Amino acid sequence: MTGLSDNIRPILRANAVLALMVCFLLLGGKDARFLGWQLPLLQLMAATAFGLIFFPPRHGAPAGIWGALAALGLVALQLVPLPPRLLARFQPALIGEIRAYAGHNDWAASTTDLYATFGFFSFALLGATLYVIFRNTGRAVIIHCLYATVIVALASLTVAAIQISSGGDTFDFWNSPHVLNGPGFFANRNHQALFLGLASATVWWLAKLRGGHSSRASDKTRGIALFCSLALLLGAVGTASRAGIVLAVGSTILAIALFQRPSRRIGIATISIAAGIFAPGLAALAIFNDTVAGALNRFEAIDVDARWQLWATSWIAAKEFFPLGSGYGTFIPVYAMVEPIDQLTPAYANHAHNEYLELFLEGGLPFAIGFALFLAVFAKRLTAIFRHHDSPPSLAPLGALWMIAFLLHSLVDYPVRVPSLLALFAMGLAMTFAEHGEHTTHGSPPPSKDRKSMKTMLRLALPGLAMLAGCAPTPSLDNTRARLATPDAFPSAQHAIYRVGPADTLQINVFGEPGLSFEAITVDATGTIPFPLIGNLAVSGLTGEEISRLIAGRLGQRYIVDPQVTVFIARSAAQRLTVEGDVVKPGVFDIQGDTSLIQAMAMAQGPTRTAKLNEIIVFREVGEELYVARFDLAKVRKGIEPNIPLEGGDIVVVGYSQVKGTLRDVLQASPLLTALFVRAL
């Protein structure tokens, strides 16, 4: 019985770690503070995996345990009670006044919010647990986790393409404001871009592994790696995350140089040719694709990025709370204390968007010392890694590449605050600092499983790349003769003076002359109406009052003394609404009273399956001006954009999504893909 248990336990441990990684990637794509049931579930899974690995206890301490405890101790320092004199000396005067007013003059922790710091400590404990788990996991399991990471990234890429093509109406898992940028399984596009970049770099390490003991992978394997890497890079570009795009491209180039090891001359030539093709190709793609164009245009707006002001204010707060820090997890209320009045908006700053600055604000001098020590140890480890080359490839260089990407991305964002990226950070750290003998070549996946994993990656890359290739070339409204308007400020024609046109029906009343009064007289195609005694009158382009004066003048010349004439617009041909484009039943519809944009979609029996829901264009004539505005039907349905009342004469055009059209064609051509993706439409 013991022998059977000894055989089952390693399999159970391996599957637990792999399941843990997949669940973190699928369920942990949002800032931990705003997760619901997902965070307790992930914490429970991590605790279960930890128990399976370390119970019953082994001889000696688990690998990496002391580094994990040191990091936790740094956070726990802020929970240690300190004497009142020390707090009064090193904390801002305002905090001291609040303590005095509340009557808290005893020993107390240095953090300004115990609950927030306890919450941060529990999240740090989760990260430390993951690090120790991965540090004590065999090489084969880590490699399986790497394959799982790439496969989930390709699935996230496919989800992102569907999110963009559907106008954010499909697969918006987190109700994300970035859904139109294709965040995939994440709430934030920056985190999706980093994730895709890490996966792109990992593809080349796996290609090296697939090559066995040879110095280069086979041509077939490199072809699969190139295809998957290209799909992931295009997905990163689609997020329009500037840092994500730079890191994705940079980490991929470094991965090729590190893990494929071309000769110096061939390597330089390959990188030069790749850069010479990729950059102009990306620029050419931007001409036809608004998603790519928007991503590239954001690089021109770096000087007006809100981060500059955010960092300046955060630095002021950091100096106020130096050297003890405000307490881990307290950024939001502390930033609000020092935020200038002229910067106040309905939104609030959830992070400093510079992890080091935020942690320095919260952790003070102890954090600065601890982080400096970590950088020194990391730099020493990097030197050792790149001096030693293993064959088959060691996990350490890939882990180091991941860590560099995380450290750079943390300069402009907060990736490690997201559980899914925290798991990748912990695994990257474990791969980087694994001692000699840990994660050894023993236990590599069997070649058959490795080959199946590569094929799975290729199958997932195909639909994602196909949809990205057709991603939404949205026509520009910048060169139209019409005046552009925003959905919130779309002008109404009802306040303008109405002028009669062909097919309008007029009601004309001449006081005391029933023979010259008409309940309904229609303006013909030439813009004229027949009238007794006078003949044909050209009324097109005139207002009702002008027609009254015209008729009264003609009658008063020869037939009636001082005639009293009134003219009403009984029925306007302009009370018709045109709906065209990608709707089930385009046409011209009569409208009575208020008709909203959503009601107009219903009148046309709704958008088609290939409609581009974020490209609903409304044209409206107000006087002599033509106005045009673009609406996002998904946002209108959610109440984010106004469901405007449409008016007579409005023209509604629903755009066509090339992504959905391409996907439909692919599905029709491939029964296998139809079974997988039919619900996406």
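All of these numbers come straight from a predicted model, not from anything done at the bench. (Residues numbered from 1 in each chain as written. Predicted model: local features only at pLDDT ≥ 70, side-chain atom pairs only at ≥ 80, totals over all residues. Heavy atoms only, no water.)

Summed over the entire model, instances satisfying the criterion amount to 17 aromatic pairs. Here the aromatic rings of phenylalanine 120 and tyrosine 328 are separated by 5.0 Å at their centres, their planes lie at 15°, and the arrangement is stacked. A residue pair is termed long-range when its members are at least 10 positions apart, and phenylalanine 120 in helix α6 (residues 114–135) and tyrosine 328 in the loop between α13 (307–321) and α14 (331–338) qualify at 208 residues. The exposure class of phenylalanine 120 is buried, given its relative accessible area of 16%. (Phe/Tyr/Trp six-rings, centres within 6.5 Å; stacked < 30°, edge-to-face > 60°. Helix = DSSP H or I, 4+ residues; strand = E, 2+ residues; numbered from the N terminus. Buried < 20%, exposed > 50% of the residue type's maximum accessible area, 1.4 Å probe, protein only.)

We now examine a nonpolar patch on the surface. Together, Phe322, Leu365, Ile369 and Leu373 line one region of the surface with nonpolar side chains, adding up to about 370 Å² of accessible area. Tracing the backbone shows leucine 373 in helix α15 (residues 355–387). Overall, leucine 373 belongs to the exposed group, its relative accessible area being 55%. (Patch = residues over 30% accessible without salt bridge, like charges linked within 9 Å, V, L, I, M, F, W, Y side chains within 5 Å. Areas by Shrake-Rupley, 256 points an atom, 1.4 Å probe, with all protein chains shown as cover. Salt bridge = Lys/Arg side-chain N within 4 Å of Asp/Glu carboxyl O.)

Contact geometry of helix α3 (residues 65–76) with α6 gives a least axis separation of 9 Å together with a crossing angle of 175°. The pairing of α3 with α6 is recorded here as roughly antiparallel in orientation. Between α3, through Ile65, Ala68, Leu72, Val75 and Ala76, and α6, the contact on the second element is made entirely by Phe120, Phe121, Ala124, Leu125, Ala128, Tyr131 and Val132. (Axes fitted to C-alpha atoms, helices over the stretch in contact; angles between N-to-C directions. Parallel < 35°, antiparallel > 145°, perpendicular 65-115°, else oblique. Contact = heavy atoms within 4.5 Å.)

If you walk across this open sheet you meet the 3 strands as β6-β5-β9, and the pairing is antiparallel. Of all strands in the sheet, those with a lone pairing partner are β6 (518–522) and β9 (565–571), marking the two edges. Along the sheet, successive strands turn relative to each other by an average axial angle of 30°, direction set aside. Relative to β6, strand β5 (residues 505–510) is paired through 3 bridges, and the arrangement is antiparallel. The residue bridging isoleucine 508 from the neighbouring strand is phenylalanine 518, located in β6. Across the sheet, helix α19 (residues 544–558) lies against β5 and β9, angled at about 140° from β9, the strand it touches most. (Pairing = 2+ DSSP bridges.)

Attention shifts here to the nonpolar core. Counting residues in each nonpolar core, the largest one holds 91 residues, and the members touching the most others are Leu130, Phe134, Leu146, Trp205, Leu424 and Met427. Examining the composition of this core, we find that 13 residues originate from one element, helix α8 (residues 189–210), more than from any other. What leucine 146 contacts, discounting residues up to four positions off in sequence, is Thr202, Trp205, Leu206, Leu395, Leu398, Trp402, Met427 and Met431. Formed by 21 residues, the second largest nonpolar core is a distinct cluster that contains Leu577, Ile616, Ala629 and Val652. (Core = buried A, V, L, I, M, F, W, Y, C linked by side-chain atoms within 4.5 Å.)

Once that is clear, we can look at the packing of α6 against helix α17 (residues 419–433). Following both chains from N to C, one finds α6 and α17 inclined at 40°, their axes separated by 8 Å at the closest point. When the interaxial angle is binned, α6 and α17 end up oblique. Judged by the sense of rotation from one axis to the other, the crossing of α6 with α17 is right-handed. For the pair formed by α6 and α17, the contact residues are Phe123, Leu126, Gly127, Leu130, Tyr131, Phe134 and Arg135 on the first element and Pro419, Leu422, Ala423, Ala426, Met427, Leu429, Ala430 and Phe433 on the second. For the contact of α6 with α17, a count of residues per class yields 13 nonpolar, 1 polar and 1 charged. (Left-handed = near helix turned anticlockwise from the far one by under 90°. Nonpolar A, V, L, I, M, F, W, Y, C, P; charged D, E, K, R; others polar.)

Now for the pattern of salt bridges. Per the stated rule, a full pass over the model turns up 7 salt bridges. Ionic pairing is found between glutamate 358 and arginine 417, a salt bridge with its closest N-O pair at 3.3 Å. Separated by 59 residues along the polypeptide, glutamate 358 in helix α15 and arginine 417 in the loop between α16 (396–409) and α17 bring together distant segments of the chain. The shortest N-O distance in the salt bridge between aspartate 650 and arginine 620 comes to 2.7 Å. In this pair, aspartate 650 is assigned in the loop between β15 (645–646) and β16 (651–656) and arginine 620 in strand β13 (residues 611–622), connecting sequence segments 30 residues apart. By relative accessible area, arginine 620 is classed as buried at 3%. What you see here is one network of salt bridges that share partners, running through Glu355, Glu358, Glu362 and Arg417.

This part takes up the confidence of the model for the chain. Of all residues in the chain, 74% attain a pLDDT of 70 or more, and the chain-wide mean is 78. When the criterion is pLDDT under 50, residues 213–217 qualifies, and its contacts beyond four places in sequence or with other chains add up to 17 contacts. (pLDDT = per-residue confidence, 0-100.)

Taking 1.5 Å as the rise per residue, α19 with 15 residues should run 21 Å; its terminal C-alpha atoms sit 22 Å apart, in good agreement. Burial in α19 covers these residues: Gly544, Ile547, Ser548, Ile551, Ala552 and Leu555. Angularly, the buried residues of α19 cover 130° about the axis, an arc narrow enough to put them on a single face. Opposite its buried face, α19 presents the exposed residues Glu545, Arg549 and Gln557, each directed more than 90 degrees away. (Expected span 1.5 Å × (residues − 1). Arc of directions from axis to C-beta.)

Moving on: helix α7 (residues 139–165). With 27 residues, α7 should reach 39 Å at 1.5 Å per residue; the first-to-last C-alpha distance of 39 Å fits that figure. The buried fraction of α7 is high, at 24 of 27 residues. A positive phi of about 70° marks glycine 167, the residue just after α7.

Among the structural elements, valine 579 can be located in strand β10 (residues 576–581). Measuring from C-alpha to C-alpha, the distance between valine 579 and alanine 604 comes to 6.8 Å, with 25 residues separating the pair along the chain. If we ignore the near neighbours within four places in the chain, the residues touching valine 579 are Pro586, Gly587, Phe589, Ala600, Met601, Ala604 and Val652.

Looking now at the side chain of histidine 353. Take histidine 353: it is sitting in the loop between α14 and α15. With a relative accessible area of 17%, histidine 353 lands in the buried category. When residues no more than four places from it in sequence are discounted, the contact partners of histidine 353 are Arg307, Leu310, Trp311, Glu358, Leu411, Val412, Asp413 and Tyr414.

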